[in-house]
Number of protein chains: 2
Amino acid sequence: MFTHAEENYLKAIFHLEQELQGEVSTNAIAEQMETKPSSVTDMVQKLADKELLSYKKYKGAILTAAGRKTAADVIRKHRLWEVFLVDKLNFHWDEVHAIAEQLEHIQSEELIERLDRFLGSPDFDPHGDPIPDQHGNIKRTEKKLLSELDKGKRGVCVGVKESSSDFLQYLDRKKITIGTKIHVLGKEFFDGSMMLQVGKDQFFISKKTAENLFVQIQES
Amino acid sequence: MFTHAEENYLKAIFHLEQELQGEVSTNAIAEQMETKPSSVTDMVQKLADKELLSYKKYKGAILTAAGRKTAADVIRKHRLWEVFLVDKLNFHWDEVHAIAEQLEHIQSEELIERLDRFLGSPDFDPHGDPIPDQHGNIKRTEKKLLSELDKGKRGVCVGVKESSSDFLQYLDRKKITIGTKIHVLGKEFFDGSMMLQVGKDQFFISKKTAENLFVQIQES
DNA sequence: AAATATTTTTAGTCTTAGCTAAAAATAAAA
DNA sequence: TTTTATTTTTAGCTAAGACTAAAAATATTT
């Protein structure tokens, strides 16, 4: 349907639109794509011809509904493949991006729907980012840092903020991974450390740890 | 490392070399690749510059060791992904080729070795073709039709010859799939039908069925 | 062996997607 | 409001990989 380059541009513009809340400048796209502004102008004009975005010279670009859907599909594929790599092939959360960048361009509706089912239709990727559904809808979610939860609250681990190898290995030892339910048993004011319940285990974590774990809040 | 186009040429030439037992003509490659001979000449010259094959004008091409290794790697990836699609995502044997054609170009040693382990290091793809190992070695194997086995012999199902949807569904019902062990209990001369033992079940199959199933012979 | 047919290569063109350098438009500063 | 700075676009080039048409080499007939 679309070339890899086209898909990459749409994805970049999609992300920038969210970040900037509006139309995206040529320079912004060039920076995101690590390419030159002149190349961006060419591509943006091509995508405008294909009605994937609307564009007025010197005014920047915004995706059309079609462009947004296409971008969401690519992001859906990227994030589903990341889940596959982590859950099934035991990659670490920080090793999967470059591979998913390639896999996201594989063309097959059937494949991606089967992959989704195989993975148990996950809502989040290993970095805690939400996975768009078949229609391109993204569950805009309250992704919070664990450190923002108060005593007594429950959350599901949906990702990490910084993902150093050391930190990920620490989480492995504590048996914390995507989907792990975390119950905040207590929170110390003076140093921000927390007492957690994870499965049957209870243990302390430092403020630093709590500030690097994303959770989705569980209604309770 | 190499472009998709380069990898596709190497793969095509690899297959043709085996089939023709020697150097491969420009026209043969063009036919296999569904492209024009002039395009082939260009690419073959480029691949010769990169020392992936040796080529003398008007004389055809043969892969170098490096070229053969690269081709085997692509074929390894293709066939491992086919196993994934059939074993894990429940695709049918005849639906997977086009998708594997895309997946075979994903670049990541780590990915493919993890995928291999995840799939249980299979020796054959869903069509019964052998999967090259990490070093590019292919288990040249005695792939025979089930109909060629005599009474008392044992084989492992490694693929199908014709793969109509009806036939594949018939095999599903009989619980025959890749890796299934088949014991020939009896064989009728007059119609070529066979009595088989598959797991705990025993049943008859027609000559037509036996002529469309590939097996690898088990030493016994 | 000469004529004809086939195969292969060369030469030149196209598209995609990048680049540089220069021109044009817009934005910011004096 | 000019001048200067920044951003964006245009124009023209490059490489990969396809194509067509024509030329050259090899094979096959007669």
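Residues numbered from 1 in each chain as written. Chains lettered and ligands numbered in written order. Predicted model: local features only at pLDDT ≥ 70, side-chain atom pairs only at ≥ 80, totals over all residues. Heavy atoms only, no water.

**Some details on the sheet that holds strand β4 (residues 154-160) of chain A**
Residues and elements named next belong to chain A.
Alright, step 1. Taken in spatial order, the six strands line up as β3-β8-β4-β5-β6-β7 in an open sheet, and their pairing is antiparallel. If you trace the sheet from one side to the other, it starts and ends with β3 (143-145) and β7 (201-205), each paired once. Along the sheet, successive strands turn relative to each other by an average axial angle of 45 degrees, direction set aside.
Alright, step 2. Pairing of strand β6 (residues 194-198) with β7 involves five bridges; the strand directions are antiparallel. Note that in β7 the partner of Met 195 across the bridge is Phe 204. (Pairing = 2+ DSSP bridges. Helix = DSSP H or I, 4+ residues; strand = E, 2+ residues; numbered from the N terminus. Axes fitted to C-alpha atoms, helices over the stretch in contact; angles between N-to-C directions.)

**Some words on the interface of chain A and chain B**
Alright, step 1. Listed as interface residues are 21 residues of chain A and, on the opposing side, 21 residues of chain B.
Alright, step 2. With both sides pooled, the region where chain A packs onto chain B buries about 1,600 Å², and carbon together with sulfur makes up 74% of that total.
Alright, step 3. Taken as a group, Leu89(A), Gln102(A) and Arg114(A) account for 31% of the area that chain A buries against chain B, more than any other trio of residues on that side.
Alright, step 4. Taken together, chain A and chain B are joined by zero salt bridges.
Alright, step 5. For the side of chain A that touches chain B, the secondary structure elements donating two or more residues are α4 (65-88), α5 (97-103) and α6 (109-118) of chain A.
Alright, step 6. For the side of chain A that touches chain B, the leading source of residues is α6(A), giving five residues. (Contact = heavy atoms within 4.5 Å. Buried area = accessible area lost by both parts, 1.4 Å probe. Salt bridge = Lys/Arg side-chain N within 4 Å of Asp/Glu carboxyl O.)

**Let's talk about the protein's contact with DNA strand D**
Alright, step 1. The local shell around DNA strand D holds 21 residues, among which Tyr55(A), Lys57(A), Thr3(B), Ser39(B) and Lys46(B) are the closest.
Alright, step 2. The contact in question runs from a phosphate oxygen of DNA strand D to an N or O atom on the side chain of Tyr9(B), over 3.4 Å.
Alright, step 3. Contact distances for DNA strand D include 2.7 Å between a phosphate oxygen and a side-chain N or O atom of Thr35(B).
Alright, step 4. At the level of elements, α2 (26-33) and α3 (37-49) of chain A together with α1 (4-20) and α3 (37-49) of chain B are the ones that each hand at least two residues to the surface near DNA strand D.
Alright, step 5. Ranked by residues supplied to the surface near DNA strand D, first place goes to α3(B) with five residues.
Alright, step 6. Tallied by class, residues from the surface near DNA strand D come to seven nonpolar, 10 polar and four charged. (Near = heavy atom within 4 Å. Polar contact = N/O pair within 3.5 Å; in protein donor to acceptor, adjacent residues only side chain to side chain. Nonpolar A, V, L, I, M, F, W, Y, C, P; charged D, E, K, R; others polar.)

**Focus on the domain arrangement of chain A**
Alright, step 1. The domain boundaries assigned to chain A delineate domain 1 (4-63) and domain 2 (143-217).
Alright, step 2. Computed over C-alpha atoms, the centres of domain 1 of chain A and domain 2 of chain A are 37 Å apart. (Domains from an automatic or database assignment.)

**Some details on the protein's contact with DNA strand C**
Alright, step 1. Lining the immediate environment of DNA strand C, one finds 21 residues, of which Thr3(A), Ser39(A), Lys46(A), Tyr55(B) and Lys57(B) sit closest.
Alright, step 2. Here, DNA strand C places atoms within 4 Å of the protein, and 80% of those atoms are sugar or phosphate.
Alright, step 3. One nitrogen or oxygen atom from the main chain of Asn27(B) is found 2.9 Å from a phosphate oxygen belonging to DNA strand C.
Alright, step 4. Contacts to DNA strand C include Lys57(B), whose side-chain N or O atom sits 2.4 Å from a phosphate oxygen.
Alright, step 5. Only α1 (4-20) and α3 of chain A together with α2 (26-33) and α3 of chain B provide two or more residues apiece to the surface near DNA strand C.
Alright, step 6. Examining the composition of the surface near DNA strand C, we find that five residues originate from one element, α3(A), more than from any other.
Alright, step 7. The class makeup of the residues in the surface near DNA strand C is seven nonpolar, 10 polar and four charged.

**Observations regarding the relation of the copies chain A and chain B**
Alright, step 1. Mapping chain A onto chain B is achieved by rotating through 180 degrees and translating by 0.1 Å along the same axis, at an RMSD of 0.2 Å. These values place the two chain copies in the arrangement generated by a two-fold rotation axis. Looking at the rotation axis and the C-alpha trace of chain A, the residue lying nearest is Leu103(A), at 3.8 Å.
Alright, step 2. A symmetric contact is evident, with 100% of the interface residues of chain A recurring at the interface of chain B. (Least-squares fit on C-alpha atoms with pLDDT ≥ 70 in both.)

**As for the packing of α1(B) against α3(B)**
Residues and elements named next belong to chain B.
Alright, step 1. Two elements in contact, α1 and α3, have axes separated by 11 Å at closest approach and are oriented at 95 degrees. Of the possible angle classes, the one that applies to α1 and α3 is roughly perpendicular. Between α1 and α3, the residues in contact are Ala 5, Glu 6, Tyr 9 and Leu 10 and Ser 39, Val 40, Met 43, Lys 46 and Leu 47, respectively.
Alright, step 2. Here the residues of the contact of α1 with α3 are counted per class, giving six nonpolar, one polar and two charged. (Parallel < 35°, antiparallel > 145°, perpendicular 65-115°, else oblique.)

**Brief notes about the side chain of His127(A)**
Residue and element names in this part refer to chain A.
Alright, step 1. Relative to the elements of secondary structure, His 127 occurs in the loop between α6 and β3.
Alright, step 2. Residue classification places His 127 among the buried residues on the basis of a relative accessible area of 18%.
Alright, step 3. Within the structure, His 127 has its side chain in polar contact with the backbone oxygen of Trp 93 (distance 2.7 Å).
Alright, step 4. In this view, His 127 contacts Glu 82, Trp 93, Val 96, Lys 143, Val 158, Gly 159, Val 160 and Phe 214; residues no more than four positions away in its chain are not counted. (Buried < 20%, exposed > 50% of the residue type's maximum accessible area, 1.4 Å probe, protein only.)

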